[in-house]
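A structural walkthrough
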Amino acid sequence: MLADAAAGYRCPSWEVVTHFVTACGGLPDQEPWPALWRLAQAAAVQVGDVTPRRTGRAAPAKSRSSARQATVTAAQQGPAPPDPWQANTPQEYRYQLSLLRVWAGVSIPEICRMSRSHEGDRHSEVAYTTVHDTLNAKFARMPPLRAVRAIVAACEADLDQWVGAWRAISLKRFQQDNPPPASLAM
């Protein structure tokens, strides 16, 4: 049950939350845990994934997409998703992309699996190392657009915005590294 909750397939019961928070050294009856649990329950109930209860076992999610929908609904009540247009450099873009992944609650293996399901065959799956490197802000070059598309799609974010920002930074970087010929500079 904890594995299903941790993977985002269902909202955990309060009992599971208390055990998990306690195991991590926290105090489950102190904020923010009760408030976060109530928010998650409300979002899950809104899409029909669980019956609200404070103890006992939560009902299974109808599907992975409806569980993801509950996560997005709860997140929309919290902070807004990261903005790719806040980035001006490849490192900043990669950092914003990492924030998006954390905001959406999607793991790197999930991104890889989802990239395969969007394309339909095993050969189209974006490799784990490619996704991991794409999210690494230490690299000074722009990440591969194919990996960016896979991450953004898995996070259910606005693909046009992320691709547009990628193109703007890539073009700016290219122009900095490759000044136009003198005949075009006039």
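Scroll up to find the structure.
Here is a short report on the structure shown in this document. (Residues numbered from 1 in each chain as written. Predicted model: local features only at pLDDT ≥ 70, side-chain atom pairs only at ≥ 80, totals over all residues. Heavy atoms only, no water.)

On to the packing of helix H8 (residues 145-154) against helix H9 (residues 159-177). Contact geometry for H8 and H9: axes closest at 10 Å, N-to-C directions at 155 degrees. The orientation of H8 with respect to H9, classified from their angle, is roughly antiparallel. Crossing hand, H8 versus H9: right-handed. Facing Leu 145, Val 148, Arg 149 and Val 152 of H8, the residues of H9 in contact are Leu 159, Trp 162, Val 163, Trp 166 and Arg 167. Looking at the contact of H8 with H9, its residues break down into 7 nonpolar, no polar and 2 charged. (Axes fitted to C-alpha atoms, helices over the stretch in contact; angles between N-to-C directions. Helix = DSSP H or I, 4+ residues; strand = E, 2+ residues; numbered from the N terminus. Parallel < 35°, antiparallel > 145°, perpendicular 65-115°, else oblique. Left-handed = near helix turned anticlockwise from the far one by under 90°. Contact = heavy atoms within 4.5 Å. Nonpolar A, V, L, I, M, F, W, Y, C, P; charged D, E, K, R; others polar.)

Looking now at the side chain of Ser 98. Position of Ser 98 relative to the elements: it lies in helix H5 (residues 90-104). On the basis of relative accessibility, which here comes to 18%, the residue Ser 98 falls in the buried class. Polar side-chain contacts of Ser 98 include one of 2.6 Å to the backbone oxygen of Leu 135. (Buried < 20%, exposed > 50% of the residue type's maximum accessible area, 1.4 Å probe, protein only. Polar contact = N/O pair within 3.5 Å; in protein donor to acceptor, adjacent residues only side chain to side chain.)

Function cannot be read off these values alone, since they describe shape.
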